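# A look at the structure
The residues making up each chain are set out below.
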Amino acid sequence: MSTPETPLPTYTRSQLALRNGQDRDEIWCAFEGIIYDLSNSRLWRNGKHYEHWAGQDLTDELVDAPHSNSVFARFSAVGKLR
């Protein structure tokens, strides 16, 4: 018998912005309404990955990335963007 998954907490854009790798150690980014924890990624040191900054919604920026949205499967979802 499986148990239902716990729903993800919701965060505002202001709360997400605080998880930018500078104000706090957490490095979070949102994509398509889901917030991912990128803190353990060596590619996101100091909250920056090429010209992209942590603490924001990257949905519109993915079109310029050399990878697909499947890259987010590597990271834990920590919340939903309100």
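To start, this report covers the structure provided alongside it. (Residues numbered from 1 in each chain as written. Predicted model: local features only at pLDDT ≥ 70, side-chain atom pairs only at ≥ 80, totals over all residues. Heavy atoms only, no water.)

### Topic: the pattern of salt bridges
Tallying each qualifying case throughout the model produces three salt bridges. With a closest N to O distance of 3.8 Å, D57 and R13 form a salt bridge. One end of the pair, D57, is in the loop between β5 (52–53) and β6 (76–81); the other, R13, is in helix α1 (residues 13–17), and 44 residues separate them in sequence. Classification of D57 by relative accessible area gives partly exposed; the value is 24%. Close ionic contact of E26 with R24 constitutes a salt bridge, the shortest N to O distance being 4.0 Å. (Salt bridge = Lys/Arg side-chain N within 4 Å of Asp/Glu carboxyl O. Helix = DSSP H or I, 4+ residues; strand = E, 2+ residues; numbered from the N terminus. Buried < 20%, exposed > 50% of the residue type's maximum accessible area, 1.4 Å probe, protein only.)

### Concerning the packing of aromatic side chains
A full pass over the atoms with the stated rule returns three aromatic pairs. Judged by centre distance (5.1 Å) and plane angle (70 degrees), the rings of Y11 and W28 are edge-to-face. Of this pair, Y11 sits in strand β1 (residues 10–11) while W28 sits in strand β2 (residues 28–31), placing them 17 residues apart in sequence. Given the relative accessible area of 6%, W28 is considered buried. (Phe/Tyr/Trp six-rings, centres within 6.5 Å; stacked < 30°, edge-to-face > 60°.)

### Focus on the environment of A17
Examined against the element boundaries, A17 turns out to sit in helix α1. Sequence separation between A17 and N69 is 52 residues; the distance between their C-alpha atoms is 21 Å. Not counting residues within four places of it along the chain, the set of residues in contact with A17 comprises D23 and G55. (Contact = heavy atoms within 4.5 Å.)

### Comments concerning unusual backbone geometry
Unusually for a residue other than glycine, E32 sits at a positive phi of about 50 degrees. With respect to the element layout, E32 can be found in the loop between β2 and β3 (34–37). Classification of E32 as exposed rests on a relative accessible area of 56%.

In short, shape yes, function no, at least from these values alone.
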